[in-house]
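Tertiary structure, described
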Amino acid sequence: LVVLGIESSADDACAAVVTSDRRILSNVVRKQHHINAQFGGIQPREAHEAHIRTMPGVIAESLDSAGLRIADIDAIAYTRGPGMYGCLSVGANSARAIAAATHTPALGVHHMQAHALTVLLTDDAPPAFPFLTLLVSGGHSILVLAERLDSYKILLDTLDSAVGRTIDNVARLLRLPHSTAAGLGPVLEQYAAAAPLPPFDAAPLPRAPLPLSTDRAHEAALSFAGLYPDLQVRRLHPGIDDSAPPEAVQREVARVFQNAAFDHLAAKIALVMRNLDTPVNGLVVSGGVGSNLALRDRLRAMLDEVATETPVPLFYPPVALCTDNAAMIAWVGVLRLQAGLKGEPLDLELRKKWSLEDLYDDVPASCY
Ligand code: ATP
Ligand code: FE
């Protein structure tokens, strides 16, 4: 099977070609960081218009660099949700138009299912179902039990903002240099990993308190909003509205914030894992924040602490496939076709809000 994937749920326009024997023949990602930098974040309308301009070229490039023509494609998978409606519609409509014109099956994929299953494409020895997946990105912070290809249970979700969004906000608050190549997350990671500068090498900032202690009321919930270090930064650098804080402050606040955020995630996942009814075959970390090396170290330490009968291995896709891409969308297309799906109607509603727990509930039985 050769599947073309198209992704445009947020600000990246992506197209990729993937085969059922796990080869990624092409993976084109056209980012909009330069537009986001201009507006201080993703603007739905600007992002939508940029997709309209770039998507045709991105699709053509994905076929060209795979060395294929549209006639070589067996099916087209596109992101059906969740995401921004205008953005989603550009990818979905491109996919459906090509599918209709070439009599090729089209299928609409859940973006977070694709993040969850990326390791099945990239890892030579991926976990079998059931496994846990932590999806940490700009829009999501969820811990999911992946029971089967099309069956997921959300075990943890955030009460307020997603961890990636919080990371971006803190990076902006600290006025870290804006990296147009990779977004702000990797920049904050670098500052957090850098050695403390005086005066913080002698007396480090006290660590931020963990949000939502592990009391029963908030057991199954994450929260990151309370970690936003606005007051701390204003105290350390009263001139924040006019100028960037000194690098010593940037590094220290980044480090203390990032530690608190990741300790919180690890503590909550440990709590859930101690209460699981059935053993799981692994913890898969995905989404943009999943590329953070400090987070990976923290999770590995957590898994060592949670003494389960059999050790739970940690999996993560290569960094380039942790953030949004169309290879993961094409791959879910491959898996669903292999599981018996023949294709979906071309007029299925796009789902800008879509829980992983209601997956494909509106796909007619005749499609299988
Ligand atoms: P979603 O997939 O939920 O719709 P998204 O499209 O923003 O959201 P991704 O592209 O998966 O998600 O991830 C982008 C987010 O990941 C951003 O918030 C970015 O700051 C964060 N991120 C990327 N790399 C790192 C890193 N090394 N450390 C921390 N955060 C990171
Ligand atoms: Fe994503």
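Presented here is a report on the structure given in the accompanying data block. (Residues numbered from 1 in each chain as written. Chains lettered and ligands numbered in written order. Predicted model: local features only at pLDDT ≥ 70, side-chain atom pairs only at ≥ 80, totals over all residues.)

Regarding the sheet that holds strand β9 (residues 221-222)
Spatially, β9-β8-β7-β6-β10-β11 is the arrangement adopted by the six strands of the open sheet, whose pairing is mixed. Looking along the sheet, the strands with just one partner apiece sit at the ends: β9 and β11 (314-315). Sheet strands in contact with helix α4 (residues 111-122) are β6 (131-136), β7 (141-148), β8 (151-158), β10 (283-286) and β11, and its direction is about 120 degrees off that of β10. (Pairing = 2+ DSSP bridges. Helix = DSSP H or I, 4+ residues; strand = E, 2+ residues; numbered from the N terminus. Contact = placed C-beta atoms within 7 Å. Axes fitted to C-alpha atoms, helices over the stretch in contact; angles between N-to-C directions.)

Points about helix α11 (residues 327-338)
Compared with an ideal rise of 1.5 Å per residue, which puts 12 residues at 16 Å, α11 spans 16 Å between its outermost C-alpha atoms and is within 8% of the ideal. Of all 12 residues that make up α11, 10 are buried, and the element is covered over most of its length. Every buried residue of α11 is accounted for by Ala-327, Met-328, Ile-329, Ala-330, Trp-331, Val-332, Gly-333, Val-334, Leu-335 and Arg-336. Once α11 ends, the next one or two residues include Gly-340, with phi positive near 115 degrees. (Expected span 1.5 Å × (residues − 1). Buried ≥ 20, exposed ≤ 12 C-beta atoms within 10 Å, placed from the backbone.)

So, the site of ligand 1
Taken together, 23 residues lie near ligand 1, and Gly-138, Gly-139, Gly-164, Gly-185 and Gly-288 sit nearest. Going through the elements one at a time, α5 (163-173) and α6 (185-193) are the ones with two or more residues in the shell around ligand 1. Ranked by residue count, the leading element in the shell around ligand 1 is α5, at four residues. Residues belonging to the shell around ligand 1 are distributed by class as follows: five nonpolar, 14 polar and four charged. (Near = placed C-beta within 6 Å. Nonpolar A, V, L, I, M, F, W, Y, C, P; charged D, E, K, R; others polar.)

A closer look at unusual backbone geometry
Looking along the chain, the bond that leaves Phe-129 and enters Pro-130 is cis, with omega of -5 degrees. If you trace the backbone, Pro-130 turns up in the loop between α4 and β6. At the junction of Pro-198 and Pro-199, the peptide bond is cis and its omega measures out at 5 degrees in the coordinates. By the element assignment, Pro-199 lies in the loop between α6 and β9. Its identity as a non-glycine residue notwithstanding, Arg-22 has a phi of 70 degrees, on the positive side. Tracing the backbone shows Arg-22 in the loop between β2 (13-19) and β3 (24-30). Note on Arg-22: 14 C-beta atoms within 10 Å, which makes it partly exposed. One non-glycine residue, Arg-175, lies in positive phi territory at about 55 degrees. Structurally, Arg-175 can be placed in the loop between α5 and α6.

Quick look at the environment of Trp-354
Within the secondary structure layout, Trp-354 lies in the segment after α11. For Trp-354 and Leu-335, which are 19 residues apart along the polypeptide, the C-alpha to C-alpha distance reads 20 Å.

Looking at the nonpolar core
Counting residues in hydrophobic clusters, the biggest one holds 105 residues, and the most contacted among them are Val-18 and Ala-330. Of all the elements, helix α8 (residues 247-274) adds the most residues to this core, at 10 residues. Apart from the residues within four sequence positions on either side, Ala-330 is in contact with Val-3, Leu-4, Gly-5, Ala-16, Val-17, Val-18 and Ala-77. (Core = buried A, V, L, I, M, F, W, Y, C linked by C-beta atoms within 7 Å.)

Some thoughts on the sheet that holds strand β1 (residues 2-7)
What the five strands build is an open sheet, ordered β3-β2-β1-β4-β5; its pairing is mixed. For this open sheet the edge positions go to β3 and β5 (106-110), each flanked by a neighbour on one side alone. When strand polarity is set aside, the average angle formed by the axes of neighbouring strands in this sheet is 20 degrees. With four bridges connecting them, β1 and strand β4 (residues 75-81) associate as parallel partners. When the bridges of β4 are listed, Leu-4 appears paired with Ile-76. Most of the contacts of helix α3 (residues 85-102) go to β4, to which it runs at about 155 degrees, and overall it touches β1, β4 and β5. Across the sheet, α11 touches β1, β2, β3, β4 and β5, and the angle it forms with β1 is around 135 degrees.

Topic: the packing of α5 against α6
Direction vectors running N to C along α5 and α6 enclose 70 degrees, while the axes themselves pass 9 Å from each other. As far as their axial angle goes, α6 and α5 are roughly perpendicular. By crossing handedness, the relation of α5 to α6 is classed as left-handed. Together, Gly-164, Ile-167, Asp-168, Val-170 and Ala-171 of α5 and Gly-185, Val-187 and Leu-188 of α6 make up the contact between the two elements. Of the residues contributing to the contact of α5 with α6, the split by class is five nonpolar, two polar and one charged. (Parallel < 35°, antiparallel > 145°, perpendicular 65-115°, else oblique. Left-handed = near helix turned anticlockwise from the far one by under 90°.)

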